[in-house]
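What follows is each chain in one-letter form.
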Amino acid sequence: MASIWEYANPKKFIATTDKLLPWVSALAVATLVSGLIWGFFFTPEDYKQGSTVKIIYLHVPAALMAINAWMMMLVASLVWIVRRHHVSALAARAAAPIGAMMTMIALITGAIWGQPMWGTWWEWDPRLTSFLILFLFYLGYMALWSAIENDDTAADLTSILCLVGSVFALLSRYAVNFWNQGLHQGASLSMDKEEHVADVFYYPLLVCIAGFILLFVALVFLRTQTEIRARRTRALLARERLGQ
């Protein structure tokens, strides 16, 4: 049985993800399209929120992936710190722009959803504020990678930043539980039947979440391959400069 650490080898990682990427991408497209069509066109309007409730099919999956993308980066960063596998550091780097985009989608759709319900586009609510800070951490993470020329040093420093930012990723998820004040509602998905959304919205929402997860995986595979090849190119150019 192959060990998971075998995929820390860049060649092994690229060879494996090359085989998986077309299937994951196709599943992502099929799941997203079917989930969004189901949610937007085949579910009723909510008795309180009207048609604006359908933003849930973009807002909730994007918000979940924004948080979980940072958690994936945290795990990859810890692997880099402990085992010094370059693929893990590059996977964390690859995931950052995707997570930042998911966070932006969540913030924008949340504002669009919240305006008719709250009467304002923005409120310094605990969850909204922690999400905005998480977005700034994504930007800082990407900027730090770009600012440092040595890849290993950049991986070390961004891993530390990722550890710090994980606090805000967790706050983004559980802020409503920590503080009672704030306009943001509780979790849309819950093990408690009385808390999560009605089944007519719940099932297409699950399909959309699955689509966002598959899309994230496909994009991380693709971007990690790109980062591996870019690192090889930088190493070759550095050797050429030294040889001159």
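Throughout this description, residue numbers start from 1 for each chain and increase along the sequence as written. Only residues with pLDDT of at least 70 get local features here, since the model is predicted, and only at 80 or more are side-chain atom pairs given and counted; chain-wide, interface and lining totals rely on the full set of residues. As a rule here, side-chain values come from all non-hydrogen atoms in the structure, and water together with hydrogens is ignored.

1. Some words on the side chain of R93
Then comes step 1: Where helices and strands are cited, they refer to DSSP runs of H or I of at least four residues and of E of at least two residues respectively, numbered from the N terminus. Tracing the backbone shows R93 in helix α3 (residues 86-118).
Then comes step 2: Exposure categories follow from relative accessible area, calculated using a 1.4 Å probe and restricted to protein chains: below 20% of the type maximum is buried, above 50% is exposed, and the middle band is partly exposed. Residue classification places R93 among the buried positions, given a relative accessible area of 17%.

2. Some details on unusual backbone geometry
Then comes step 1: Despite not being glycine, R84 has its phi angle at roughly 60°, a positive value.
Then comes step 2: Here R84 is to be found in the loop between α2 (56-83) and α3.
Then comes step 3: Residue R84 is classed as partly exposed on the basis of its relative accessible area, which comes to 38%.

3. A word on the packing of aromatic side chains
Then comes step 1: Geometry of aromatic contacts follows a simple scheme: Phe, Tyr and Trp rings, the Trp one being its six-membered ring, pair when their centres are within 6.5 Å, and the pair is stacked under 30 degrees between planes, edge-to-face over 60, tilted otherwise. Inspection of the entire model under this criterion finds six aromatic pairs.
Then comes step 2: When the centroid spacing of 6.3 Å and the interplanar angle of 80° are considered together, the rings of F13 and F221 count as edge-to-face. One end of the pair, F13, is in helix α1 (residues 10-41); the other, F221, is in helix α6 (residues 199-243), and 208 residues separate them in sequence. F221 shares its class with F13; the two are buried.
Then comes step 3: Measuring from centroid to centroid gives 6.1 Å for F40 and Y57, while their planes differ by 65°, and the two rings are edge-to-face. Taken together, the positions of F40 in helix α1 and Y57 in helix α2 put the pair 17 residues apart, joining distant regions of the chain.
Then comes step 4: For F40, a relative accessible area of 30% translates into the label partly exposed.
Then comes step 5: The structure contains a cluster of three or more aromatic residues connected by ring pairs, namely W70, F137, Y138 and Y141.

4. A closer look at the pattern of salt bridges
Pairing between side chains of opposite charge can happen when the charged atoms of each approach one another.
Then comes step 1: A pairing counts as a salt bridge when a side-chain nitrogen of Lys or Arg comes within 4 Å of a carboxyl oxygen of Asp or Glu. Per the stated rule, a full pass over the model turns up six salt bridges.
Then comes step 2: Linking D156 and R84 is a salt bridge whose minimum nitrogen-to-oxygen distance equals 2.8 Å. You can see D156 sitting in helix α5 (residues 151-178) and its partner R84 sitting in the loop between α2 and α3, a full 72 residues away along the chain.
Then comes step 3: A salt bridge links D151 to R234, with the shortest nitrogen-to-oxygen separation between them at 2.9 Å. You can see D151 sitting in helix α5 and its partner R234 sitting in helix α6, a full 83 residues away along the chain.

5. Things to note about the UniProt feature "transmembrane region" (unreviewed entry) in the protein chain
Then comes step 1: UniProt positions are given in the numbering used here, feature names are shortened, and annotations may be inferred rather than shown by experiment. Look at the UniProt record and you will see "transmembrane region" (unreviewed entry) annotated at residues 20-43, 55-82, 94-116, 128-148, 160-180 and 200-222.
Then comes step 2: Along residues 55-82 one finds 96% helix and 0% strand; the C-alpha atoms at either end are 41 Å apart.
Then comes step 3: Segment residues 128-148 splits into 95% helix and 0% strand. End C-alpha atoms: 31 Å apart.

6. Notes on a nonpolar patch on the surface
Then comes step 1: Residues enter patches when their relative accessible area tops 30% and they take part in no salt bridge; the joining distance is 9 Å for like charges and 5 Å for the nonpolar side chains Val, Leu, Ile, Met, Phe, Trp and Tyr. Only the protein chains shown count as covering a residue, and every accessible area follows the Shrake-Rupley method with a 1.4 Å probe. A cluster of nonpolar side chains, namely V29, V33, I37, W38, F41, F42, Y203 and L206, defines an oily patch on the protein surface of about 820 Å² accessible area.
Then comes step 2: Going through the elements one at a time, α1 and α6 are the ones with two or more residues in the nonpolar patch.
Then comes step 3: Broken down by element, the residue count for the nonpolar patch peaks at five residues, all from α1.
Then comes step 4: Along the chain, V29 turns up in helix α1.
Then comes step 5: Looking at V29, the relative accessible area reads 52%, which means it is exposed.

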